[in-house]
Amino acid sequence: ALMAFDIKPGDEVILPSFTFFATASAVTRLGATPVFADIDPVTFNVDPAAIARLVSSATKAILPVHLFGQCAEMEALGRIAQSAGIPVIEDVAQAIGAEFDGRRAGSMGHLGCFSFYPTKNLGAAGDAGMLTANRDDLAEKLRLLRGHGMQPRYYHKVVGINSRLDSFQAAILNVKLPSLDCWCSMRQSNAQRYAEMFLAAGLDRILTLPLCAPRRRHVWNQYVIRVPEGKRDPLRQFLTEAKIGTEIYYPLGLHVQECFRYLGYGE
């Protein structure tokens, strides 16, 4: 997606400091610089005000992530991008089927990047993904890039990559796709049950429970709680002993990862 906008060394791309590593590595693989913006502590999604402060003449794209199954504040982000004359590329890896004001994730920016990794709400049997585009010329450029920039066969217009979806994975996804909305509804029911039980037990006074922000359809790729006062790891150990699985999403912000120390961010 970034290649479709000719992102290159010296360019900056603004993205959240709290997301899976792939969001930032896509930027650095092109020689560009990831610029990390802070998040809204309630939704865990990128804070539009933080992005607005970081836009500069070097900024060539904004890359919001719809984290844990809930859309970022796309209306505000769209205004910022339009004012700066730069594209919005949505990271929809965790949020297929999510909505903001009735619009689906992946349809609000210039491009949308989906993952069908097996842990996603719509998962393949291995690695797979999809891109969406809001313009025919962008879609055509993506098609060119995904097959080594080749058109026609053995004639290469640009240096692309081998990024085709395997037919076996596509077949599996075609079988599973009609069930996606049902599975999302089941996840929403599970999240609602968690909320009701946690509230009934008074745990909302101890834990910070996840919320579905206004104007959004949350598809709950993860149900993430915040545990205060350094009690997260003991709680996780207690749950493990009770054979209840948990995971930490994510132990570090990208701005403090070892590979990004050269960027000079502090805690």
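You'll find the structure just up there.
Residues numbered from 1 in each chain as written. Predicted model: local features only at pLDDT ≥ 70, side-chain atom pairs only at ≥ 80, totals over all residues. Heavy atoms only, no water.

A. View of the pattern of salt bridges. Taken as a whole and assessed by the stated rule, the structure comprises 15 salt bridges. Across the salt bridge formed by D6 and K141, the nearest N and O atoms sit 3.0 Å from each other. In this pair, D6 is assigned in the segment before strand 1 (12-16) and K141 in helix 4 (residues 136-146), connecting sequence segments 135 residues apart. Taking relative accessible area as the criterion, K141 reaches 25% and is therefore assigned partly exposed. Among the salt bridges present, the one from R104 reaches D181, with a minimum N-O distance of 3.8 Å. Of this pair, R104 sits in strand 6 (residues 103-104) while D181 sits in helix 6 (residues 180-200), and the two are 77 residues apart along the sequence. Under the relative-accessibility criterion, D181 is labelled partly exposed at 39%. (Salt bridge = Lys/Arg side-chain N within 4 Å of Asp/Glu carboxyl O. Helix = DSSP H or I, 4+ residues; strand = E, 2+ residues; numbered from the N terminus. Buried < 20%, exposed > 50% of the residue type's maximum accessible area, 1.4 Å probe, protein only.)

B. Local environment of empty space enclosed by the protein. All told, the structure shown has 1 cavity of 30 Å³ or more when counted by the stated rule. Put simply, the largest cavity is a space of about 60 Å³. Looking at the largest cavity, the residues that line it are V42, T43, F44, L67, F68, Q70, P210, L211, H218, W220, Q222 and V224. (1 Å grid on protein atoms, 1.4 Å probe; cavity = no way out; pocket = protein on both sides within 12 Å on 5 of 7 lines; lining within 4 Å. Points joined across faces, edges and corners; volume = space filled by probe spheres on them.)

C. The layout of surface pockets, seen in detail. Approximately 1,800 Å³ is the volume attributed to the largest pocket. C113, F114, G129, M130 and L131 are the residues nearest the centre of the largest pocket, which is lined by 50 residues in total. Broken down by secondary-structure element, the contributors of at least two residues to the lining of the largest pocket are helix 1 (22-28), strand 4 (89-91), strand 7 (111-115), strand 8 (129-133), helix 4 and helix 5 (167-176). Taken together, the residues that form the lining of the largest pocket break down as 32 nonpolar, 11 polar and 7 charged. (Nonpolar A, V, L, I, M, F, W, Y, C, P; charged D, E, K, R; others polar.)

D. Structural context of the pairing of strand 1. With respect to burial, strand 1 is a largely interior element, 4 of its 5 residues being buried. Read from strand 1 through helix 1 to strand 2 (residues 33-37), the crossover connection turns out right-handed. Two elements, strand 1 and strand 3 (residues 59-62), share 3 bridges in a ladder whose sense is parallel. Considered in strand 3, the bridge of I14 is made with I62. (Right-handed = clockwise from strand over helix to strand, strands pointing away. Pairing = 2+ DSSP bridges.)

E. Up close: helix 3 (residues 74-84). Listed as buried for helix 3 are M74, A76, L77, I80 and A81. An end-on view of helix 3 places all buried positions within 160° of arc, on one side of the element. Opposite the packed face of helix 3, turned more than 90 degrees from it, sit the exposed residues R79, Q82 and S83. The elements touched by buried residues of helix 3 are helix 2 (48-54), strand 3, strand 4 and strand 5 (99-100). One or two steps after helix 3, the chain reaches G85, where phi turns positive at roughly 70°. (Arc of directions from axis to C-beta. Contact = heavy atoms within 4.5 Å.)

F. Representation of the sheet that holds strand 2 within the structure. The strand order across the open sheet built from 3 strands is 2-1-3, with neighbouring strands paired in parallel fashion. The outermost strands of the open sheet, each flanked by one partner alone, are strand 2 and strand 3. Across the sheet, the mean angle from the axis of one strand to that of its neighbour is 35°, orientation sign disregarded. Across 5 bridges, the pairing between strand 1 and strand 2 is parallel. Its bridge partner lying in strand 2, I14 is registered against V35. (Axes fitted to C-alpha atoms, helices over the stretch in contact; angles between N-to-C directions.)

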